[in-house]
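# A structural walkthrough
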Amino acid sequence: MGKRSSYSLLSTFLFSLLLQRPTFAAKKSYVVYLGGHSDIAKEDYSDVVQRVTESHYELLGSVLGDKEEAKDAIFYSYTRCINGFAATIEEEKAMEISKHPGVVSVFPNRGYKLHTTRSWQFLGLERDGRIPAESLWTKARFGEDTIIGNLDTGVWPESESFKDDEMGPIPSKWRGICQNNSDKGFSCNRKLIGARYFNKGYQSAVGPLNATFETPRDAEGHGTHTLSTAAGGFVPGANVFNYGNGTAKGGSPRARVAAYKVCWPPVNGSECYDADIIAAFDTAIHDGVDVLSVSLGGNPTDYFLDGLAIGSFHAVKNGITVVCSAGNSGPQPGSVSNTAPWIFTVGASTMDREFPAYVLFNNKRLKGESLSPTRLPSNKLYPMINSKEAKAANSSEHDAELCYLRSLDPEKVRGKIVVCLRGITARVEKGEAVRQAGGVGMVLANDHTTGNEIIADAHVLPATHISYSDGLVLFSYLESTISPLGYITKATTEFGIKPAPFMAAFSSQGPNTVNPEILKPDITAPGVSVIAAFSGAAAPTSLMFDTRRVKFNSISGTSMSCPHISGVVGLLRTLHPDWSPSAIKSAIMTSARTQDNKKQPMSNSSFIKATPFSYGSGHVWPNRAMDPGLVYDLKTVDYLNFLCSLGYNSTQIATFNIYPYQCPSKRVELQDLNYPSIMIPNLSNSTTIIRTVKNVGSPGTYTVRVRPPRGVKVTVKPSTLTFDKVGEEKKFRVRLEVEEDYGTGKDYVFGGLVWSDGKHHVRSPLGVRTYTWRL
């Protein structure tokens, strides 16, 4: 009893001490965004940097009550083009500083993801490697002297795709560096003209980093792959385990490239952080890039709370086209990311090349895909088993069905071909689970959400990946047969596959959840089984158990489709150096195609007709983009007016813009932004929108042709536009009216609008959702 009383007294004493201790709020990293700078044109800006940095210390010091504490808290000062800083502070202080005059926004240093599903034939390249004489490539001199920057995981500088053979001097406008402080083996050249790394935002989220993080070297492979897809040089004999053998080349093979490493090993699903992304944009703009390719993204949010949206706005304002991936969260509606109208957002679709590997059983032959370097001996059939039936004693049926590691019973699997269901875990990891359990092969079957989208992966054992419908046939055979037998053939490389392209199931879809008046994605491009250069430090699957190394790798994702568009942008930048980022974007969008190689409307992965929420304006058609006829151009003031329409005030926008700005006295409708696509998310009765087109081709007369959305009457006035010279602009109005007796539509309906002079066909998708009944 006495002892218990002593413990009670001690507990009371300790508790009283805890109550007397001061409480410390947890600190997190935040970005404090202050708008822009007007001093970017100055070559010697050291005084500007010092002055701006001091102003950041003073601003934060006024809130913290101590300038020295502010210096310790700030880990980035954005001093080149973007004005702001990143600091580790308490939430209460972040809220306090957000109310300070001159502060546009304050937001947490949130994390983003790379847009690859991990597991070239580029448009216009002939099968034998010859390039058509009248192609965009030849006319644009393969993107000569355009500078393409890439925000990603860095670069593997030793890759043959970045050799500088026959490259001339580095363009005089280039102001970047090759940052190799702690990696003396890392070097740049006349092709790879710059490389930097940004890790302070990542460090603020995950803790102290060692010296291996102090390098722009790509240890993961993603950055090397995306950068070489955008602008890698010619490399004969490129292949993945002897599949897809040919000459690799990027979209702009003679362009100069620069790597900005902002993404690092994932922690809690985040790899790239706002603070680092803004720092990279700020630096890249100053360095002198012409194009920025950004294969990453996060959940859509307010533009002033989104580091990628902020950075890209400043880039576009300085004449740099920013191309971003749409995301890999499809086919979920409303999953598209990178939704700001100044960003060029890219979905992913297939190409007409496959790597077929067949599963044979019961006189049936089902086609799958694979890049497995190994094969089964061809003189026998092998027992087959549904992975669900092979579950280990301590595993669930769910885990076994999806072939989780250690979910399969070796006694049931040994010597057999195991049929696994796609989902949750990495596709190649499922094969490793089979291999570890003693299986000799794997068939990976899609579920209903992934439909007919099959992907060629470098599996660790003989394997093939089949569609949902074919999976149903195979599972039925396994369930109805006492001793099922089968075989997996070795993969081959085949071209001319039909239908192609069709949308990848993983490609994120519209509608745009931030501003449904802006159609996203804008375009689609090849993003399935794309072969490009890879890091020598990473396995082709990026999985820990995989010890293989390759010079080129096949990867899928909107991360892969994004640099295809970046490469086309690089070519157009060389061919038309006077075009604005929005003119280049318009040329690519309005010249895109919406039919596959069977002359049918593009479909989704279940071979159901796709919509612009999947492909935007369509699948890129580079040769058509070099001479679009007309473009929908946009200037910085148009984007500022757009922000006014969202409710931002003139003071905020003036800070954002640097220069004085006043919102129009009459509100500009969001739907009137001069975008190459037209979206009306809530059509009640009728509305009229305005668009302006600029002639960038020869003089001529264009006539409009309309395919109205179901239940909507569309009238365009005037119906013809005559242009006498290059640069001439003409306005037109589009009236959309709900037809009599047409009711509320929960879903969007789509149509199209085309201006044509007989040679050029300037296409814009039309999307409408009605919400009132007409009586």
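The sections below set out a description of the structure shown in this document.

Each value, and the rule that gives it
Residues numbered from 1 in each chain as written. Predicted model: local features only at pLDDT ≥ 70, side-chain atom pairs only at ≥ 80, totals over all residues. Heavy atoms only, no water. Helix = DSSP H or I, 4+ residues; strand = E, 2+ residues; numbered from the N terminus. Rg over C-alpha atoms; globule rule 2.2 N^0.38 Å. Buried < 20%, exposed > 50% of the residue type's maximum accessible area, 1.4 Å probe, protein only. Areas by Shrake-Rupley, 256 points an atom, 1.4 Å probe, with all protein chains shown as cover. Lys, Arg positive; Asp, Glu negative; His and termini not counted. Charge placed at Lys NZ, Arg CZ, Asp CG, Glu CD. Pairing = 2+ DSSP bridges. Axes fitted to C-alpha atoms, helices over the stretch in contact; angles between N-to-C directions. Contact = heavy atoms within 4.5 Å. Phe/Tyr/Trp six-rings, centres within 6.5 Å; stacked < 30°, edge-to-face > 60°. Lys NZ or Arg CZ within 6 Å of the ring centre and 35° of its normal. Disulfide = S-S within 2.5 Å. Parallel < 35°, antiparallel > 145°, perpendicular 65-115°, else oblique. Left-handed = near helix turned anticlockwise from the far one by under 90°. Nonpolar A, V, L, I, M, F, W, Y, C, P; charged D, E, K, R; others polar. Salt bridge = Lys/Arg side-chain N within 4 Å of Asp/Glu carboxyl O. 1 Å grid on protein atoms, 1.4 Å probe; cavity = no way out; pocket = protein on both sides within 12 Å on 5 of 7 lines; lining within 4 Å. Points joined across faces, edges and corners; volume = space filled by probe spheres on them. Polar contact = N/O pair within 3.5 Å; in protein donor to acceptor, adjacent residues only side chain to side chain.

Helix and strand counts for the protein come out as 19 helices and 37 strands. In terms of overall size, the protein behaves like a compact globule, its C-alpha atoms giving a radius of gyration of 28 Å where 775 residues would be expected to give roughly 28 Å. Expressed as lengths along the three principal axes of its C-alpha atoms, the size of the protein is roughly 95 × 80 × 70 Å. The burial tally for the protein puts 60% of its 775 residues in the buried class. On the protein, roughly 30900 Å² of surface is accessible, and the fraction owed to carbon and sulfur atoms is 51%. One finds the centroid of the 82 positive side-chain charges in the protein at a distance of 4 Å from the centroid of its 73 negative side-chain charges.

To continue, consider the pairing of strand β20 (residues 382-386). Where burial is concerned, most of β20 is hidden: four out of the five residues are buried. Pairing between β20 and strand β24 (residues 485-488): two bridges, direction antiparallel. Counted as the bridge partner of P383 is L485 from β24. Pairing geometry for β20 and strand β21 (residues 417-421), over three bridges, is parallel. Paired with I385 across the strands is V418, a residue of β21.

For the rest of this paragraph, the subject is the sheet that holds strand β37 (residues 761-770). The sheet built from five strands is open, its strands ordered β30-β37-β36-β32-β34 with mixed pairing. Only two strands of the sheet have a single neighbouring strand rather than two, namely β30 (678-683) and β34 (720-723). Between one strand axis and the next, the sheet turns by 20° as a mean value, whatever way the strands run. Relative to β37, strand β36 (residues 749-756) runs antiparallel, the two being bridged by eight bridges. Of the residues in β37, the one forming a bridge with L753 is S764.

In this fold, L640 is placed in helix α18 (residues 636-645). On the basis of relative accessible area, L640 is assigned to the buried category, the value being 2%. Not counting residues up to four positions away in its chain, the partners in contact with L640 are F313, I653, F656, N657 and Y661.

Going through the model one piece at a time under the given rule, you end up with 22 aromatic pairs. Between Y702 and F723 the ring centres are 5.9 Å apart and the planes differ by 85°, which places this aromatic pair in the edge-to-face class. Taken together, the positions of Y702 in strand β32 (residues 700-707) and F723 in strand β34 put the pair 21 residues apart, joining distant regions of the chain. An aromatic cluster of at least three residues, connected via ring pairs, comprises Y303, F313, W342, Y639 and F642. Sitting over the ring of W156, R217 keeps its end group 4.7 Å from the ring centre.

Right, let's get into the sheet that holds strand β2 (residues 74-78). Taken together, the four strands give an open sheet; going across it, the order is β2-β3-β1-β4, and neighbouring strands pair in antiparallel fashion. Across the chains shown, the open sheet's two edge strands, defined by having one partner strand only, are β2 and β4 (105-108). On average, each strand axis in the sheet is tilted by 20° relative to the strand beside it, whichever way the strands run. Summarising the sheet, strand β1 (residues 27-36) and β4 pair through four bridges and their orientation is antiparallel. Along β4, the bridge assignment pairs Y30 with P108. Contacts between helix α2 (residues 46-64) and the sheet are confined to β1, β2 and β3 (82-90), with β3 contributing the most and set at about 35° to the helix.

Looking now at the state of the cysteines. Tallied over the full model, the rule gives four disulfides. The partner cysteine of C178 in its disulfide is C188, sulfur to sulfur 2.1 Å. Across the S-S bond linking C178 and C188, the dihedral sits near 85°, which makes this disulfide right-handed. Separated by 10 residues along the polypeptide, C178 in the loop between β6 (147-152) and β7 (192-197) and C188 in the loop between β6 and β7 bring together distant segments of the chain. Under the relative-accessibility criterion, C178 is labelled partly exposed at 25%.

At their nearest, the axes of helix α7 (residues 222-231) and helix α14 (residues 558-575) sit 7 Å apart, and the two run at 30° to each other. In terms of orientation, α7 and α14 fall into the roughly parallel class. Considering the relative orientation of α7 and α14, their crossing is right-handed. Between α7, through H222, H225, T226, T229 and A230, and α14, the contact on the second element is made entirely by S559, M560, P563, H564, S566 and G567. A breakdown of the residues in the contact of α7 with α14 according to their chemical character gives three nonpolar, eight polar and no charged.

Burial of the side chains of strand β23 (residues 463-466) extends over both faces: A463 and H465 are buried on one face and T464 and I466 on the other. Relative to β23, strand β22 (residues 441-445) is paired through four bridges, and the arrangement is parallel. Counted as the bridge partner of M442 is A463 from β23.

This brings us to the pattern of salt bridges. Scanning the entire structure with this criterion turns up 28 salt bridges. As a salt-bridge pair, E68 and K71 come within 3.7 Å of each other at their nearest N and O atoms. Here K71 and E68 lie together in helix α3 (residues 67-73), a separation of three residues that amounts to about one turn. Overall, the relative accessible area of 47% leaves E68 in the partly exposed class.

On to the layout of surface pockets, then. Empty space left among the atoms is revealed by rolling a probe the size of a water molecule over them. Its boundaries defined by the atoms lining it, the second largest pocket holds a volume of some 830 Å³. If you trace the second largest pocket, you find 31 residues lining it, with R593, T594, Q595, R707 and R763 closest to the centre. Of all the secondary structure elements, the ones that give two or more residues to the lining of the second largest pocket are α16 (612-615), β32, β36 and β37. Here the residues of the lining of the second largest pocket are counted per class, giving 14 nonpolar, nine polar and eight charged.

Turning our attention to unusual backbone geometry. Residue P501 is bonded to the preceding A500 through a cis peptide linkage, with omega at -5°. Residue placement: P501 occurs in the loop between β25 (494-495) and β26 (523-526). Residue P521 is reached from K520 by a cis peptide bond, and omega for that bond is 0°. With respect to the helices and strands, the residue P521 is situated in the loop between β25 and β26.

The next point concerns the environment of R217. Among the secondary structure elements, R217 is positioned in the loop between α6 (200-206) and α7. Among the residues examined, R217 registers a relative accessible area of 15% and is labelled buried. Placed 333 residues apart in sequence, R217 and V550 show a C-alpha to C-alpha distance of 16 Å. Setting aside residues up to four positions removed in sequence, R217 forms contacts with T153, V155, W156, P157, E158, D183, G185, F186 and K261. Among the polar contacts made by the side chain of R217, one reaches the side chain of E158 at a distance of 2.9 Å.

The values are spatial; any link to function lies outside them.
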